[in-house]
Amino acid sequence: MANLRVTNIGAIVSGDIAAPLAEGDTVAVRDGLIAYVGAAQGAPPESAHEVVIDAAGATVMPGLIDNHVHPVIGDFSPRQRVLDFIESCLHGGVTSMISAGEPHLPGRPRDRVGTKALAILAAKAFANARPGGVKTIAGAVILERGLTEADFDEMAEAGVELVGEIGLSAVCTPEEAAPMVRWAQARGMRVAMHTGGVSIPGSNAIRADLVIAIRPDVASHVNGGPTRLPLADVERILDETECFVEIVQCGNTLAAQEVARLVAAKGMESRLILGTDMPSGTGVIPLGMLRTIAWVSSLGGIDPAQAVAMATGNTARLHGLNRGGVAAGREADLIVADAPIGSAASTALETLAIGDTPAVAAVIVDGVVKAGTSRNTPPAQRKVSVPGFAGGGH
Ligand SMILES: [Zn+2]
């Protein structure tokens, strides 16, 4: 199992929205889990076969968790005919993805047995395959007419943990959807619900009234997917439900700014999560998570370390994942990030605050380095040294 150490860290972003920075300059990993976060002097002794990354003053943060992805099977999207988009997102700092449904399957079955089968297949297939190393939780069942409570037992037993966006199918009224949502939630499934305008032909416009009546766990892309929800509706969802609200990259930029400011004004930062909503009609954006964090920080006025927590720890809390944090005991999914060459900023957090995209210098999953210098971000200002990977800074 993987042993790793990151030394000479300039700043540690914790992923915890309540305490978004951690003290120290060293992170040590034992057997794929974070064993130590703190000063070099107090770190455990070096172990055999330990990989040592010299961060050279760069920033360590949790690997990003994209809460809104539409995978199908494997690392291929029929929606935009692209290969290896998940692996490309790894180079944008993403180490986990959460499916919001697999509606892009050509010929997607719309009957009870078919939608159940698709969810089970996607859940099981992605449990066995991590494209590029990215932990992908998929098999988000799309609610179709005729699903019974026993079907939810069967799906939960088979590893289905998610309900895909309500609004992608015909089941979107409180009368039809709410009983299924209660069955899903009783079995620990997390339920996403499309909000805003119609995204793809056959889907439905959804406003606050429906969210309040159906009570999902996530009001998906309240900044639009791609057409935004009115801000007053977002406020009603925050006030009248307990669900998370989500900002995505493939949405409305102005709405992202307004929602971030609204959430901060209400002191509800712990309920905001981030995603991309790709592949979609808007495209495939491998740097989408970093860009969305930069929007929330630079336009929305959110502290950049808190904005990172919205893309890591908040999402992990929603899904009950032992990741998304730089703290002892967590799965060692980490990135080393920095200000890119040419930016007016000099650290990764300053970069986000001014709206630039940070440089990713290393991506680590379960303590194993999956990428060194990113092929997608600009290069780092600092010469981060990653054994076994060429590049490093300039
Ligand atoms: Zn949607």
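All of these numbers come straight from a predicted model, not from anything done at the bench.

> Break down the nonpolar core for me, citing the residues and quoting the values.
Within the largest apolar cluster, 84 residues are counted, with the highest numbers of intra-cluster contacts made by L143, M155, I166 and L274. Element by element, the count of residues in this core is highest for helix α8 (residues 288–298), at six residues. Split by domain, this core shows at least three residues from each of two domains, domain 1 (3–62 + 323–371) and domain 2 (64–286). I34, A58, A361 and V386 belong to the second largest nonpolar core, which has 21 residues in total.

> Give a detailed account of the packing of helix α2 (residues 112–127) against helix α3 (residues 149–157), specifying residues and quantitative values.
Taken N-terminus to C-terminus, the directions of α2 and α3 make an angle of 20°; their axes are 10 Å apart at the nearest point. The orientation of α2 relative to α3 falls into the category roughly parallel. In this structure, α2 meets α3 at a crossing whose hand is right-handed. On the side of α2, the interface is formed by R112, K116, A119 and I120, while α3 contributes D151, E154 and M155.

> Explain helix α6 (residues 231–240) to me, using residue names and the numbers behind them.
Because an α-helix packs 3.6 residues into every turn, residues spaced three or four apart end up facing the same way. Inspection of α6 places D233, V234, I237 and L238 among the buried residues, and these make up the whole buried set. Down the axis, α6 shows its buried residues gathered within 140° of arc, on one side only. Elements in contact with the buried residues of α6: α5 (208–214), β16 (218–219), β17 (244–248) and α7 (253–265).

> Lay out the coordination of the zinc ion in plain terms, naming residues and giving numbers.
Each donor-metal-donor angle in an ideal tetrahedron of four donors is 109.5 degrees, and each such angle in an ideal octahedron of six donors is either 90 or 180 degrees. Around the zinc ion, the protein supplies E165 (OE), H194 (ND1) and H221 (NE2) as donor atoms, at distances of 1.9 to 2.3 Å. Read in sequence order, the donor residues for the zinc ion give the motif E-x28-H-x26-H. Pair noted here: E165 is in strand β14 (residues 162–166) and H194 is in the loop between β15 (190–193) and α5, with a separation of 29 residues, a long-range link.

> Which residues make up the pattern of salt bridges, and what are the values?
Scanning the entire structure with this criterion turns up 23 salt bridges. Note that R190 is salt-bridged to E161, the shortest N-O span being 2.8 Å. With R190 in strand β15 and E161 in the loop between α3 and β14, this pair connects stretches of sequence that are 29 residues apart. Owing to a relative accessible area of 32%, E161 belongs among the partly exposed residues under this scheme. Residues participating in the shared-partner salt-bridge network are R130, K135, R323, E331, D333 and D366.

> I'd love a proper account of the sheet that holds strand β6 (residues 50–54), names of residues and values included.
Here four strands make up an open sheet; going across it, the order is β5-β4-β1-β6 and the pairing mixed. The outermost strands of the open sheet, each flanked by one partner alone, are β5 (33–38) and β6. The mean angle between the axes of side-by-side strands here comes to 15°, regardless of whether they run parallel or antiparallel. Here strand β4 (residues 26–30) pairs with β5 via five bridges, running antiparallel.

> Kindly report on the environment of N376, identifying the contributing residues and their values.
Structurally, N376 is set in the segment after β21 (368–371). For N376 and M61, which are 315 residues apart along the polypeptide, the C-alpha to C-alpha distance reads 18 Å. If near-sequence neighbours (up to four positions away) are discounted, N376 is found in contact with S88, H91, P286 and L287.

> Kindly report on the side chain of K135, identifying the contributing residues and their values.
The topology assignment puts K135 in strand β12 (residues 135–137). A polar atom in the side chain of K135 sits 2.7 Å from the side chain of D366.

About the thresholds
- Residues numbered from 1 in each chain as written.
- Predicted model: local features only at pLDDT ≥ 70, side-chain atom pairs only at ≥ 80, totals over all residues.
- Heavy atoms only, no water.
- Core = buried A, V, L, I, M, F, W, Y, C linked by side-chain atoms within 4.5 Å.
- Buried < 20%, exposed > 50% of the residue type's maximum accessible area, 1.4 Å probe, protein only.
- Helix = DSSP H or I, 4+ residues; strand = E, 2+ residues; numbered from the N terminus.
- Domains from an automatic or database assignment.
- Axes fitted to C-alpha atoms, helices over the stretch in contact; angles between N-to-C directions.
- Parallel < 35°, antiparallel > 145°, perpendicular 65-115°, else oblique.
- Left-handed = near helix turned anticlockwise from the far one by under 90°.
- Contact = heavy atoms within 4.5 Å.
- Arc of directions from axis to C-beta.
- Donors = N, O, S within 2.8 Å, 3.2 Å for Na, K, Ca; no water.
- Salt bridge = Lys/Arg side-chain N within 4 Å of Asp/Glu carboxyl O.
- Pairing = 2+ DSSP bridges.
- Polar contact = N/O pair within 3.5 Å; in protein donor to acceptor, adjacent residues only side chain to side chain.

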